[in-house]
Each structure stands twice: as C-alpha cells, then as structure tokens.
Amino acid sequence: MNPLIQIKKHPFPSLLYLEWILLTITAVIAVIPPPLRRFRPRRAELSICGTFPDLSVCNFLPELSIYSLVIFALMGLWLPQNNRKSKLTYTAIQIFLILLTGLFGERFARLFPFLYIILVTRSCLIFQLPGRLFMTSLSFTLFLLTTQLKYQLFSFQSSPQAQERFRFLSLNWSLVFGLSLVFVLLMMNAVLSERHSREKLAIANEKLRQYAMRIENQATLEERNRIAREIHDSLGHSLTALNLQLETALKLWQSNPVKAETFLATAKELGSKALKDVRQSVSTMRSNPLQEQSLELAIAGLVENFHHSNGILPIYKINLEYSLPPDINTAIYRIIQESLTNISKYASATEVKIELTGIRNNLRLIIKDNGRGFDIRQNTTGFGLHSMRDRTLALGGEFNINTTPGSGCKIIVNIPLTRFI
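Rules of the game
The written sequence of each chain sets the order in which its residues are numbered from 1. Residue-level local features of this predicted model are given only where pLDDT is at least 70; pairs of side-chain atoms are given and counted only at 80 or more, and the full residue set underlies all totals for whole chains, interfaces and linings. With hydrogens and water excluded, all non-hydrogen atoms of the structure serve as input to the side-chain values. In plain words, nonpolar cores are sets of buried Ala, Val, Leu, Ile, Met, Phe, Trp, Tyr and Cys residues tied together by side-chain atoms within 4.5 Å. Relative accessibility decides the category of a residue: with a 1.4 Å probe and only protein chains considered, values under 20% of the type maximum give buried, values over 50% give exposed, and everything between is partly exposed. Secondary structure counts use DSSP, requiring at least four H or I residues in a row for a helix and at least two E residues in a row for a strand, with both numbered from the N terminus. Should any heavy atoms of two residues lie within 4.5 Å, those residues are considered in contact. Any carboxyl oxygen of Asp or Glu within 4 Å of a side-chain nitrogen of Lys or Arg constitutes a salt bridge here. Each Phe, Tyr or Trp ring (for Trp, its six-membered ring) is paired with any other whose centre lies within 6.5 Å, and the angle between the two planes then decides the class: stacked below 30 degrees, edge-to-face above 60, tilted in between. Consider the ring centre and the ring normal. A charge sits over the ring if Lys NZ or Arg CZ is within 6 Å of that centre and within 35 degrees of that normal. Strand pairing follows a simple DSSP-based rule, namely that at least 2 bridges must link the two strands. Axis lines are fitted to C-alpha atoms, over the contacting stretch for helices. Their N-to-C directions set the angle, which ranges from 0 to 180 degrees. Every helix has an expected span of 1.5 Å times one less than the residues it contains. Here the word oblique covers every angle except those under 35 degrees (roughly parallel), over 145 (roughly antiparallel) and from 65 to 115 (roughly perpendicular). Residue classes follow a fixed rule: Ala, Val, Leu, Ile, Met, Phe, Trp, Tyr, Cys and Pro count as nonpolar, while Asp, Glu, Lys and Arg count as charged, and any other residue, Gly among them, counts as polar. Patch membership needs two things, relative accessible area over 30% and no salt bridge, and members are linked within 9 Å if like-charged or within 5 Å if nonpolar (Val, Leu, Ile, Met, Phe, Trp, Tyr). Using the Shrake-Rupley algorithm and a 1.4 Å probe, accessible areas are obtained, with residue cover drawn only from the displayed protein chains. If the strands point away from the viewer and the path from the first strand over the helix to the second runs clockwise, then the crossover is right-handed.

With 35 residues, the main nonpolar core has Ile-332, Ile-336 and Leu-365 as its most contacted residues. The set of elements that each furnish at least two residues to this core consists of α10 (295-310), α11 (326-347), β2 (352-359), β3 (362-369), α12 (383-394), β4 (398-403) and β5 (409-416). The leading source of residues in this core is α11, at nine residues. In this structure Ile-332 touches Leu-295, Leu-356, Leu-363, Leu-365 and Ile-415, once residues within four positions along its chain are discounted. Grouped together as the second largest cluster of nonpolar side chains are 31 residues, Ala-73, Leu-97, Phe-143 and Met-188 included.

Below, the structure is given as structure tokens:
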C-alpha cells in the first residue's frame, strides 16, 4: 500500500493530517514524563497496570500502547466505503485499540479522549447519519465507562476527599468531552453536506454541459440536413436541367444551330441560378451573416437580392428606437432570409411587405405576401418554418403564421426585449 496514493484517495487529506498531529502529541506526551513530576508527591496510577502491576500484559508497556497508536494512525489511510461488514470490523478494531491504550497505558490515559474524537470523525466519513449518531453515543458511553473504571481504581488508593475531587473533575471533563463530540459531529455533518452539495452541483453542471453539446450537435445536424436539402432541391435540379440543355444543344448544333443557341441561352440562365443557389448556401452557413454591418443594411441587402432574383421589390419599413443585441439581430436576419427564400420558391407572389418595429421593450416583425398561401395543417415537414419558430422561441418570443390556400401568407414574430436591454 503506497501511503502517498492512499492520502490522495482520502476524502479529506487535511483531516488525515490533523489526526496525525493529535496522535503525535499523544505519543510525545506518553514518552516524555510530565514536567516537575519529581517535585510532586507520587499520585495514584489511574490504569489497570498502575493498580495491578503483577498482570503479565504490564511487562511490555508502554510498547503495547505505542504499537496500538501506530496501528490506529495507519488505519486512517484506508476507510471502508461499500461493504457493511468491513465497516463494522474496521470500527470494532478502532474501539479495541482505544480501550487497550486507555486502560493499560497510564500516561495515555490523560489524552486518550483524542482517540474517541478521531473515531467519531472517521465514523462520519464511513456511516450515514444514523450510524454517526450511534458512534457518537457509543464513544461518549465508553468514555463514561472508562472514567467510572478509573474512579473505582482510584478509590482503592485515595482518601474520601481526593475521591470527591476526582469525581467532580471527572464530571466536568465528561461534560466538556460530550460537548466536544457534539461539536465534531455537527462540524463533520456540515462539511459532508457541503461536499455532497458540491458533488451534486458538479454532476448537474456536467449533465448540463453534455445536454448543451447534444443540443448543439443536433442543431448542427439539422442545419446540415437543411443545407443538403437546399442543394439537392435547388442546385441539384438546376445542374440536372443544365446538363440536359447542353446535351440537347450539342445534338442540334449541326442540324439546327439557331435552336441550339436557344438551349445554350437557357443553360446559361440555369448556370446563373445554380451560382446564386451556391452563394445563398454559403451565406446560410456563415456564423455571423451580418458581417459587422447593421441590421438595416443587412435587410436592405436581402431585399436587393430578392429583387434581382425575382423581379419583385419588397416594401420594407424599419423602426427601431435603439440598437438590438447581436443574438436578436442574427435571428431576425435569418427569419427574414428564410421567409424570402420560401416566398421565392413557393409563393408565386407579386407583392411582399416587411415591417420591423421595436417599441416599448417589444420587437415585432411582420412579413406578408400576396402569394398562393398553403394549408398550415398539411405543412408539417417544412424545415424553414421550424427553423424560424425555433429561433423565435429561443429568444422567449412568439411565432405565428396566418395563411390559407389562395390568400397569401403573413408571418408575425414578437420578441420581448426586457431581458436583453
């Protein structure tokens, strides 16, 4: 058993060092005689060997008490945690060593209550609250029994006045020792409760970190799937049509050059559309789509791109009393971008209106078109709508869609700004 490794495994290494300090003090006092003892009259020996020196066990004292202390100290390097039988055996051995030290060592008898305090401290690290209370009560009971036994030994050798004084001192000492045990018990319970709370907090933080990573990975995967669908639906379709136009143009180039040029012109338009789709996908993947520009300029850029692509100039109105946080700017930009993309693909609209208003700690975004609309109950797989709703809910806002087939679509986003300002 490597002591350094065992010290690191101990739940409270500083507590282990304190135990060793107390045990060292006990051992030093046991080896060094009390000062001025030769100037005082010889007092009664308050141990079994002091009263019955003919006992065979007394022939190798104080070595027995020293060995008991060493074993007791080394036992602090290992604390049983799971096996109930090993806990009980471990505690029984400690009690036996304490009794052995206190009953047979006369010098140790003056300080052996320290061992009971260490016993209670270790019991707090081993047992739950009922076990801690039992060990504290048992330690105090054994102390009282040992004190009573010493009083009986003392009564054989002392006068009634000395006995009365000894009884008075023993009562005071027992009261102080009992309060000390209660203090140690309360202190250890507080320390262990704090440690348990920290462990629970660390576990909760780790679970929260893992949950956040899963959410981030899920969001990344969904974004990748969306971009993959965008490339498949737009770029893939454009490139397929482009390839067909080029093949047809090659076949007609010799027989009908005029018609082949028509197919080549169509192929050029498809190539331009494919390039626009690629640029849009790259813009979608940017972590900061605004690129250090204001939200007003970013929205103006989206409107201009929509106008070039569809020939429709959206009407937009922006009324913000103060600048918005970056998270809200990004969310609003993405929602408008996704809405214009859906309008361009599916709405067949001739008029688009965008209104962004930030007044009285509330941000309101309205995007309206006069397109063909759709049945909201049947559109359950659209990633764009889910993405816009998720972005709004992430900011604590509300997302609503008003649409019916043939009557256009109106998207309303309300985001409270009280927690961001």
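The discussion continues.
Quick look at the pattern of salt bridges now. Pairing is possible between side chains of opposite charge, provided their charged atoms come close. For the structure on display, the rule yields four salt bridges. One salt bridge in this structure joins Glu-206 and Arg-209, with 2.6 Å as the shortest N-O distance. Of this pair, Glu-206 and Arg-209 both sit in helix α8 (residues 160-252), three residues apart, which is roughly one turn of the helix. Looking at Arg-209, the relative accessible area reads 44%, which means it is partly exposed.

Looking now at the packing of aromatic side chains. If you walk through the whole model with that rule in mind, you get three aromatic pairs. Seen from their ring centres, Phe-143 and Phe-177 are 4.3 Å apart, and the 35° between their planes marks the pair as tilted. Separated by 34 residues along the polypeptide, Phe-143 in helix α7 (residues 129-155) and Phe-177 in helix α8 bring together distant segments of the chain. Exposure class is identical for Phe-143 and Phe-177. Each is buried. Counting every residue linked through ring pairs, the aromatic cluster contains Tyr-116, Phe-143 and Phe-177. Positioned above the aromatic ring of Phe-72, the side-chain terminus of Arg-122 is 4.5 Å from the ring centre.

The next subject is the sheet that holds β3. With mixed pairing, the five strands of this open sheet are ordered in space as β1-β2-β3-β5-β4. Both edges of this open sheet fall to β1 (315-320) and β4, since each of them pairs with a single strand only. Strand-to-strand twist across the sheet, computed as the mean angle between neighbouring axes with direction ignored, equals 10°. Summarising the sheet, β3 and β5 pair through eight bridges and their orientation is antiparallel. Bridge assignment links Arg-364 to a residue of β5, and that residue is Asn-414. Packing against the sheet, α10 makes contact with β1 and β2, and its axis sits at approximately 175° to β1. The strands touched by α11 within the sheet are β2, β3 and β5, with β3 carrying the most contacts at an inclination of about 10°.

Before going further, it helps to spend a moment on the environment of Met-75. Along the chain, the position of Met-75 falls in helix α4 (residues 63-75). Remark: the alpha-carbon pair of Met-75 and Gln-94, spanning 19 residues in sequence, is separated by 8.3 Å.

Three or four residues apart is the spacing at which side chains of an α-helix point the same way, because the helix has 3.6 residues per turn. Under the 1.5 Å per step criterion, the end-to-end length of helix α6 (residues 113-126) is 20 Å for 14 residues, consistent within 8% with the ideal 20 Å. Counting buried positions over the 14 residues of α6 gives 13, a clear majority of the element.

Axis separation between α10 and α11 bottoms out at 10 Å; the angle between their running directions is 10°. In terms of axis orientation, α10 runs roughly parallel to α11. Residues Leu-295, Ala-298, Ile-299, Leu-302, Phe-306 and Asn-310 of α10 pack against Asn-329, Ile-332, Tyr-333, Ile-336, Gln-337, Leu-340, Ile-343 and Ser-344 of α11. Considering only residue class, the contact of α10 with α11 consists of 10 nonpolar, four polar and no charged.

We now examine the pairing of β5. Within β5, six of the eight residues are buried, which leaves it mostly tucked inside the rest of the structure. In terms of strand pairing, β4 meets β5 through six bridges, oriented antiparallel. The residue bridging Glu-398 from the neighbouring strand is Asn-414, located in β5. As consecutive antiparallel partners, β4 and β5 are separated by five residues, and within that stretch Gly-406 has a phi angle of approximately 90°, a positive value.

So, on to a nonpolar patch on the surface. Residues Leu-18, Ile-21 and Ile-25 make up a contiguous nonpolar surface patch of roughly 260 Å² in combined accessible area. Tracing the backbone through its elements, the reader meets Leu-18 in helix α2 (residues 13-31).

Turning our eyes to something else, we now look at the pairing of β1. In terms of strand pairing, β1 meets β2 through six bridges, oriented parallel. When the sheet's bridge partners are listed, Ile-318 is paired in β2 with Leu-356. As for the winding sense of the linkage, the β-α-β connection from β1 through α11 to β2 is left-handed.

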